Amino acid sequence: MPRPLRVAVVGAGPAGIYAADALLKSAVAEDPGVSIDLFERMPAPFGLIRYGVAPDHPRIKGIITALHQVLDKPQIRLFGNVDYPGDISLDDLRSFYDAVIFSTGATADRALDIPGIDLDGSYGAADFVSWYDGHPDVPRTWPLEAEKVAVLGVGNVALDVARILAKTADELLPTEIPPNVYDGLKANKALEVHVFGRRGPAQAKFSPMELRELDHSPNIEVIVDPEDIDYDDGSIATRRGNKQADMVAKTLENWAIRDVGTRPHKLFLHFFESPTEILGENGEVTGLRTERTALDGTGNVKGTGEFKDWDVKGVYRAVGYLSDELPKLPWDLASGTVPDKAGRVIEESGEHLQSTYVTGWIRRGPVGLIGHTKGDANETVASLLDDRENGRLSTPSAPDPEAVDAFLDERNVRYTTWDGWYRLDAAEKALGELEGRERVKIVEREDMLRASGA
Ligand SMILES: Cc1cc2nc3c(=O)[nH]c(=O)nc-3n(C[C@H](O)[C@H](O)[C@H](O)COP(=O)(O)OP(=O)(O)OC[C@H]3O[C@@H](n4cnc5c(N)ncnc54)[C@H](O)[C@@H]3O)c2cc1C
């Protein structure tokens, strides 16, 4: 009797879940069917939606509801708290599945090579994000003693970091933030947050909506210096060709010409300031040095030789995320991704690493919104199905689904399941109900495992 197509998906973030959805919606989902197991190193699924998207973005966090419906399908199983390759290796996966899709995303900060980057008080945005989003693997406290802080970068993550630093703890209390994060933010002394971009308003990578949202807080005064509004031919072409860039530039222009109000926390958006050094004394941040830049006609900038020191005591670099290299898979060091063609993992020889696929940020690099991972997953799944159609998939030696449970049990892996997520979800909602909130996140891994019934 023909058996279902067996697929492992490593990484239960949006890309992995969309890939599972695409498989279920494909022709193979009909008899004899497809059977998918998702392996996730965290006890809970949903990737950066749970551990990246800011807590004051409940609408985006709500995408979990749609992904939840996918994971509710009986053809999908979740094995949480299972690490690749620590708990299950590529050879193990090959023995159980016809194909393996890696969708492990990105979790770390991209490096910024300027002097002083290792001083105390210099932080990566990803670490701060993990802290305020209640990630179990980061410390429970965060030093927030600085009255003036800098955020380096002009993308949405920089906006998230700046907004969380500038809001009050009580503004964030109605969200799902756990008690340790509320207490940490309550002690936050930041009165001024300075965001720095090397280039101009037309080159900022903000989404228009995220940018405008900065101005919605009753505690944050957003300030743009009129001298930072400048365009060259390249910038004008960018604005003409990109509606989003044009909207961002218009918002910044409006903010540059208005009077500065009296809201207590000041959030400055600086352009044409390139960070050249984090200044320090006794190993601690005492300031930031930037070089003024000027447009060169093409939308790029060059240094002017004019330097300025800012007396900030904390510096957050939000210059991009970086994926972890995946053992046993080829790796492109420059882009920090697994090399692929249409989702098929490509070895150095140019050959497809049989039955192995990638999707999401580990494939394309850490750019783009959650919605973008859907089209990406569809393309990867189309390649996988084409390989199946043409007999190019390998044959597993133990395709019986129960063999996977037995394998993990034998290795004493404390895995969580989809039913476990229901229990954790209910426990977090119950904690929220006690405080009139929708949810309060459980942070400790052990507590998550216990609540999941692992
Ligand atoms: C700070 C921040 C805020 C964002 N805010 C928004 C927003 O407001 N709106 C929006 O649309 N997009 C937002 N994004 C972008 C969005 O999060 C990404 O587009 C999306 O999460 C990428 O999906 P992914 O599945 O490829 O990766 P991820 O979401 O990173 O998921 C990867 C999963 O793989 C797991 N994993 C990793 N390594 C292993 C391993 N070795 N073994 C097992 N499992 C593993 C991870 O734990 C994770 O669950 C934000 C991103 C960041 C960083």
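Residues numbered from 1 in each chain as written. Predicted model: local features only at pLDDT ≥ 70, side-chain atom pairs only at ≥ 80, totals over all residues. Heavy atoms only, no water.

Enquirer: What is the right way to read helix α11 (residues 233–241) from this model?
Expert: For α11, every residue scored as buried is listed here: Gly234, Ser235 and Arg239. Angular distribution of buried residues about the axis of α11 spans 135 degrees; they occupy a single face of the element. Of the exposed residues in α11, those oriented more than 90 degrees away from the buried face are Asp233, Arg240 and Gly241. Packing partners of the buried residues in α11 comprise α12 (243–257) and β12 (284–295). (Buried < 20%, exposed > 50% of the residue type's maximum accessible area, 1.4 Å probe, protein only. Helix = DSSP H or I, 4+ residues; strand = E, 2+ residues; numbered from the N terminus. Arc of directions from axis to C-beta. Contact = heavy atoms within 4.5 Å.)

Enquirer: Looking at this structure, how should I read the sheet that holds strand β17 (residues 344–346)?
Expert: Pairing is mixed in the open sheet, where seven strands are placed in the order β3-β2-β1-β4-β18-β17-β16. In this open sheet, the two edge strands, each paired with only one partner strand, are β3 (76–80) and β16 (340–341). The pairing of strand β1 (residues 5–10) with strand β4 (residues 99–102) spans four bridges and is parallel. Pairing of Ala8 across the sheet is with Val100, part of β4. This element, helix α14 (residues 372–389), spans β1, β4, β17 and β18 (352–358) of the sheet and lies at about 150 degrees to β18. (Pairing = 2+ DSSP bridges. Axes fitted to C-alpha atoms, helices over the stretch in contact; angles between N-to-C directions.)

Enquirer: So what exactly am I meant to see when it comes to the UniProt feature "domain: FAD/NAD(P)-binding" (unreviewed entry) in the protein here?
Expert: Under the present numbering, the feature "domain: FAD/NAD(P)-binding" (unreviewed entry) in UniProt falls on residues 6–171. Across residues 6–171 one finds 36% helix and 19% strand; the C-alpha atoms that close the span lie 47 Å apart. (UniProt positions renumbered as here; feature names shortened; annotations may be inferred.)

Enquirer: So what exactly am I meant to see when it comes to the UniProt feature "binding site: FAD" (unreviewed entry) in the protein here?
Expert: Residues annotated in UniProt with the feature "binding site: FAD" (unreviewed entry) correspond here to Ala15, Glu40, Leu48, Trp361, Gly368, Leu369 and Ile370. When you line up the elements, Ala15 lands in helix α1 (residues 14–25). Residue classification places Ala15 among the buried positions, given a relative accessible area of 7%. When sequence neighbours within four positions are dropped, the list of residues in contact with Ala15 reads Ser103, Thr359, Gly360, Thr373 and Ala377. If you trace the backbone, Gly368 turns up in the loop between α13 (361–364) and α14. On the accessibility criterion, Gly368 (36% relative accessible area) is partly exposed.

Enquirer: What should I look at first to understand the domain arrangement of the protein in this one?
Expert: When the parts of a complex come together, some accessible area is lost, and that lost area is often taken as the interface size. Per the domain assignment, the segments of the protein are domain 1 (5–106 + 324–415) and domain 2 (108–321). The C-alpha centroid of domain 2 is placed 33 Å from the C-alpha centroid of domain 1. Of the roughly 1,500 Å² buried between domain 1 and domain 2 on both sides combined, carbon and sulfur atoms contribute 56%. Broken down residue by residue, the surface that domain 1 buries against domain 2 is led by Tyr51, Pro55 and Asp56, which jointly contribute 39%. Between Glu176 and Lys61 there is a salt bridge, and its shortest N-O distance comes to 3.5 Å. Applying the counting criterion to the domain 1 and domain 2 interface returns six residue pairs in polar contact (both at pLDDT 80 or more). Of all the elements, helix α2 (residues 47–51) adds the most residues to the side of domain 1 that touches domain 2, at three residues. Each residue belonging to the side of domain 1 that touches domain 2 can be placed in one class, and the counts come to ten nonpolar, three polar and four charged. (Domains from an automatic or database assignment. Buried area = accessible area lost by both parts, 1.4 Å probe. Salt bridge = Lys/Arg side-chain N within 4 Å of Asp/Glu carboxyl O. Polar contact = N/O pair within 3.5 Å; in protein donor to acceptor, adjacent residues only side chain to side chain. Nonpolar A, V, L, I, M, F, W, Y, C, P; charged D, E, K, R; others polar.)

Enquirer: Could you clarify how one ought to interpret the site of the ligand in this entry?
Expert: Near the ligand you find 33 residues, and of these Ala15, Glu40, Leu48, Tyr84 and Trp361 are the closest. A distance of 3.5 Å is found between an oxygen atom of the ligand and a backbone nitrogen or oxygen belonging to Gly47. Contact with the protein chains covers 95% of the free accessible surface of the ligand, which is 1,000 Å². For the shell around the ligand, the secondary-structure elements that each account for two or more residues are α1, β2 (34–40), α2 and α7 (156–166). Residue classes in the shell around the ligand are distributed as 17 nonpolar, eleven polar and five charged. Domain assignment of the residues forming the shell around the ligand places at least three in each of domain 1 (5–106 + 324–415) and domain 2 (108–321). (Near = heavy atom within 4 Å. Areas by Shrake-Rupley, 256 points an atom, 1.4 Å probe, with all protein chains shown as cover.)

Enquirer: Is there a simple way to explain the pattern of salt bridges in this structure?
Expert: Note that side chains of opposite charge can pair when their charged atoms are close. For the coordinates displayed, the defined rule picks out 44 salt bridges. Between Arg344 and Asp386 there is a salt bridge, and its shortest N-O distance comes to 3.2 Å. One end of the pair, Arg344, is in strand β17; the other, Asp386, is in helix α14, with 42 residues separating them in the sequence. Asp386 is the partner of Arg392 in a salt bridge, and the nearest nitrogen-oxygen pair spans 2.8 Å. Using a relative accessible area of 40% as the deciding quantity, one classes Arg392 as partly exposed. Look at Asp386 and you get partly exposed, because its relative accessible area is 34%.

Enquirer: I keep staring at the sheet that holds strand β10 (residues 265–270) and nothing clicks. Help me out?
Expert: Hydrogen bonding along the main chain pairs the strands of a sheet, whether they run parallel or antiparallel. The sheet built from six strands is open, its strands ordered β6-β14-β7-β8-β10-β9 with parallel pairing. The open sheet has two edge strands with one neighbour each: β6 (122–124) and β9 (220–224). Within this sheet the neighbouring strands show an average axis-to-axis angle of 20 degrees, counted without direction. Bridging between β6 and strand β14 (residues 314–317) involves three bridges; their strand directions are parallel.

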